[in-house]
Every structure is written in structure tokens, then in C-alpha cells.
Amino acid sequence: MMRSKIKNILVETASKKFGLKQVPDFSVEIPENSAHGDYAANIALVLARQLKKNPLDIARILDMELEAWSLKHGLKTEIVPPGFINFFLNSKILGETLKDILKKKNKFGRGQPQQGTIVIEYSSPNIAKPLGIHHLRTTVIGQALVNTLRFVGWKVVSLSFPGDWGTQFGNLIAGYKRWGKPEKIKQNPIKELLKLYVMFSQAAQGHPEMTAEGRREFKKLEEGDKENLRLWKWFARESYKDFNKVYKILGVKIEHTIGESFYEPELKKLVDDAIKKGLAQKGADGSVVIPLKDSPTPEIIRKSDGATIYTTRELAAIRHRFKKWRADKILYVAANQQTFHLEQVFKSAVALGLAKRAQLGHVKFGMVLAPGGKKFATREGNLIPMEDVLKEAEERAKKIVEGLNPKLSQKEKNKIAHTVGIGAIKFFDLSQNRLSDIVFDWNKMLNLKGASAPYIQYSYARLKSIIRKSKGPFTQFKSELLKENAEIALIKHLTHFPEIVADSAQKYEPNKLAEYLLRLAEKVNTLYEKVPILSAEKEIKNSRLALINAAALIIKNGLGLLGIEASERM
Ligand code: ARG
């Protein structure tokens, strides 16, 4: 990648020229406006502070020293006050990149296989409930991270950690035993189970004997009672069927699903061992805690009645994941609200010697709010099934497809509506700052002319339509014929793809890639408006066809990394 080449040569040159053992950190940016360079380095400004010299002088010295190197790498440089060194890609190197894209296709920009393995935990819904809209972000962001980190060279294990254990399942079983009808559950499993659970929990309010009943059923489940185990397994099976249905609509593929219950058998020993080693302490009431130095509270890992809790399962999961996959790192794609809990878990894991702190990362995100900024819930305050929202997206997208292309067959329209509707929702999520709350806005996410997936998908379909109409060839170009501003701007943007994907992956910020793709679609559309393609003279036409072919490849691959499909027609 050119950006890292530039960075490396600057470090090397600076350390040689100024006799530095360690060159201070500086940036090589990709300016928004390429009039300010295709890359802009602030090294001279950073060095000036340290060496107490004039930044412009330092820039000039470095630039002179780099002259031969720059020439060789197809770069022209320019020094601008107060001391930036800007680099411009010449047409020869741009032509080489274009050739490279056409040759490598969807492998263009792929990173070298790195040594490490990252486990990414995401989605992790709770069983016996529908997969709710509040699980959208973890699922969509998680999948985008899996795809991009893999692409840049990490070995990635994708994993869901469903909530399938705990006292709530005692309530569910108790509710089922009181009112449940197997036939009804078979017809509509998840809805019925949720109903039974809510009914029981509500009825138990102010009725301690019912609360005790729920607890008793869970205890029986923990002890392996045949009937309770059968019910729990049945409910879990139905839940996974339901989750998988939604994942299929979303196009999400999670390799491993290991729920909380998996860890139940090892928890007692985990806690006992921690006590034995003096890492956990037993309190007067019999509960067990891990004292944490840099935290306001110790973390409880066993209740006074002997029951284990969520954190204990989290700790067992950490141990298991490092062992099973020899992971270097575990990332948790989980809401902002989980910060305190996960911090406590991470600190406890460090205290028990299960991990180093830097090996555990919380990739946080804001809430998804309903249109108008309210909480996403039904009027009764219940959660909204994700499937319902996805269906609505497809229906709304169908109207767009009808408008654009009324002559397509029903089947084709449905297929495109699916691609556009689901793409719209995903892109709406991924294109925004991960940490902010996002407010659902159908018009924005489906705006064909706005910052949306349909806008990018439509640009792609337009390119594909030109490609279909022409007979090719699609890979023969002469770079000296691609000299219009719109053409150069587009090739330069394509050149940056590997750098943007690398950034996006490394910082866990899919919005970087999403923004890149929006800019790419804009540049494609400008080209489309500014230069004729099919009617151009033969050699020019071929060169432009090669260029749009490359642009189409990158759009498709870029969207794919975000987990979004592109349709050949729209
Ligand atoms: N099951 C939890 C929920 O649905 C999310 C779990 C997040 N992951 C974790 N390791 N705590 O809210």
C-alpha cells in the first residue's frame, strides 16, 4: 500500500538525516480534496517541534532526500506551509493500479495473512424471545468486522454467545407448566413462549410463592431434572430455528454458537480454584467475590445461595475461547450500556490470569431508536421483532423498484427489493458513527439520491447496464487516454481502497468503508455525466469500459465486506 510505503520511507529518511533513534509519531493522511495531495504527511511539523527548527526547512530537506525514491514510485511531491509534504500519484502509477484491480478482482486490497486469530463475539441474542430490533447493531456491525478483519489478513472466528441460562428459564418453565399448550407452541413457538414468560412474570409480581416456584423450576433444571431439561432443550431448538431464519434474511453467517449454558458444568470448579489460589474471597454470607483494584466494586462470582451468575459464565467462556482457538484477542460487539459489566468481566479475567487486558476488547455502539427518536418498542413496551422491521424494509424497497423498473417480473422485483431493503437497513447502521445512537429514518435509508445503500447499489446497477450493453473488452485500457478530471479522480479513489479497508478494519469502524463507497458512487456518477462511454471513439471507449469495470468490482467487493449485496439490475 502506497500510504505505508510513504510512511516507512519518511521514517527511514528522517532518522538517517537527523540522527534520530526514534522518529516521533506522525500521520500520512488521504486528503478529502485531492488538490491537497493524494497523501499529505505532517512529519516536518512534528519534527520541527522536537528539533526546534523551521518546519518548512525540514520538509525541504526530507523532500530533497526523497527525490529519487519518489520518482521511482510514481510520486510527485509538493511542500506547502506550514510544512506539509504532499504526494501526488502520477498517471503511470495510476495505470498500474488499474491494471492490478482488473487482474486481482475481488482480491484487490486483500492483506497478507497475519499471524493472529481474533474471536469476534456478536449478535448473542437471548433464547425464548424473538430476535429483536435492538440486536440489529451487534449483528450487522459484528458481521462487517468479521468480513473486513478477515479480508485484511486476520484469522477470524465468528461466534455468538446466546443467553440460554438463568432464572428466567425457571419462570418460563413454570409458566409453561401452568398454562402452556404444546399444540399452540408448535404452531407459533417463539410468540407463545414469550407470552407464557411475560404472563408468569407479571402474575408473580407481589406473589412471592410464584417467584419461589420459578426459582424451584430453574434449580431443577440446573440439577438435570429430565422433564425440565426436555422443555428447555425444546425451547432452545425452536429459538435457534427462529434466529437462523432472521440471519438468513440478513445474510449473516455465524460459525459458532455457544450459549451460556455450555459453561455451567465447569463453573463450580472455576470458582473453587480461584478461592484456593487466593484470587477470590469468600464473604461472611458465603458469597464469593474477586477483589478488583481499579474498580469501585468487587465482582461477585458466586451468590450466597451457591448459585453462579452471568459473570462466572463470561469468565469460563473467556478461558474456553483462548484455549480452543488459541486466540490472540477476543472482541465483544456489544452495546454501550454493557460497558460497566464487560469492564468488570475483563478485570476479573485479568485477576484470574485468564487474559491480558489488551487481549479483550469491547467494540461498543449506540442504541437504535425508533423514528422520532423514541425507544424502539410496541405500545405495550414490548420488544419489536427484527423480522418485522426487515419485512417492512423489503416492502418499502419494492415500491422503489416498481418505480425504477416496472417491467421486471414479479420474481425479479422481489429479489431486488430484498437486496435493496436489507442493504438499506445495514448501510444506515454501518455508515454512522458506531458510538452514536441512531434514529431509524426510512426516507433517509431508502433515499436513492442520498447517503444510502440504494444510492450506491443504483450506481452499481448503472455501471452494469453499460457493461451489458457494450461488447467489451473490459480490461484493455491506455492510461494516457484516461485524462479527464472525472476519470483521474475515480482512479485515484479506487487506488485508496486497500488503505481505507485496512483503516476501517484496524479501528473497527465500518463507517470509514461506508463513506468511502458513497464517495466512490459519487465519482462514478460524475464520470457518467461528464464523459460519454459507449459513444466514444474505440480506444477511448475501451479504456473507459476498463475503468468502470474496475469501479464496479470495487463497489461490489466493498459492499460485500459490509455484508451488503449489489444487484446487477435495479
Ligand atoms: N445476551 C445479551 C443480550 O442479549 C448480550 C450478550 C453480550 N455478550 C457478552 N459476552 N456479555 O443482551
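K.L.:
Mind showing me how you'd approach the layout of surface pockets here?
P.N.:
Empty space among the atoms can be located by rolling a probe the size of a water molecule over them. In this structure, the second largest pocket spans a volume of roughly 870 Å³. Around the second largest pocket, the lining is made up of 37 residues, and of these Asn126, His134, His135, Ala335 and Gln338 lie nearest the centre. Looking at the lining of the second largest pocket, the elements with two or more residues in it are α12 (310-325), β11 (329-333) and β13 (368-369). Broken down by element, the residue count for the lining of the second largest pocket peaks at three residues, all from α12.

K.L.:
Would you mind going over the side chain of His493 with me for this structure?
P.N.:
Among the structural elements, His493 can be located in helix α18 (residues 485-495). What makes His493 buried here is its relative accessible area of 11%. Within polar-contact distance, the side chain of His493 engages the backbone nitrogen of Leu520 at 3.4 Å. Once you skip the residues sitting within four places of it in the chain, His493 turns out to touch Tyr516, Arg519, Leu520 and Lys523.

K.L.:
Would you mind going over the sheet that holds strand β7 (residues 256-257) with me for this structure?
P.N.:
Sheet strands pair via backbone hydrogen bonds, and the direction of the pair is either parallel or antiparallel. Within the open sheet, the five strands sit side by side as β7-β6-β5-β11-β12. Their pairing is parallel. Each having just a single partner strand, β7 and β12 (360-363) make up the two edges of the open sheet. Inspection of the sheet shows strand β5 (residues 117-121) paired to strand β6 (residues 155-160) by five bridges, in the parallel sense. Considered in β6, the bridge of Thr117 is made with Lys155.

K.L.:
Any chance you could explain the site of the ligand here in plain terms?
P.N.:
Looking at the ligand, the residues that line it are Glu121, Ser124, Asn126, His135, Phe161, Tyr310, Glu314, Tyr332, Gln338 and Leu342. Here Tyr310 contributes a side-chain N or O atom positioned 3.0 Å from a nitrogen atom of the ligand. Out of a free accessible area of 350 Å², the ligand has 86% covered by protein chains. At a threshold of 2 Å from the grid points, most atoms of the ligand map onto the second largest pocket. Its residues assigned to classes, the shell around the ligand comprises four nonpolar, four polar and two charged.

Cut-offs used in this document
Residues numbered from 1 in each chain as written. Predicted model: local features only at pLDDT ≥ 70, side-chain atom pairs only at ≥ 80, totals over all residues. Heavy atoms only, no water. 1 Å grid on protein atoms, 1.4 Å probe; cavity = no way out; pocket = protein on both sides within 12 Å on 5 of 7 lines; lining within 4 Å. Points joined across faces, edges and corners; volume = space filled by probe spheres on them. Helix = DSSP H or I, 4+ residues; strand = E, 2+ residues; numbered from the N terminus. Buried < 20%, exposed > 50% of the residue type's maximum accessible area, 1.4 Å probe, protein only. Polar contact = N/O pair within 3.5 Å; in protein donor to acceptor, adjacent residues only side chain to side chain. Contact = heavy atoms within 4.5 Å. Pairing = 2+ DSSP bridges. Near = heavy atom within 4 Å. Areas by Shrake-Rupley, 256 points an atom, 1.4 Å probe, with all protein chains shown as cover. Sits in = over half its atoms within 2 Å of the grid points. Nonpolar A, V, L, I, M, F, W, Y, C, P; charged D, E, K, R; others polar.

Note that all results are geometric; they support no functional claim without further evidence.
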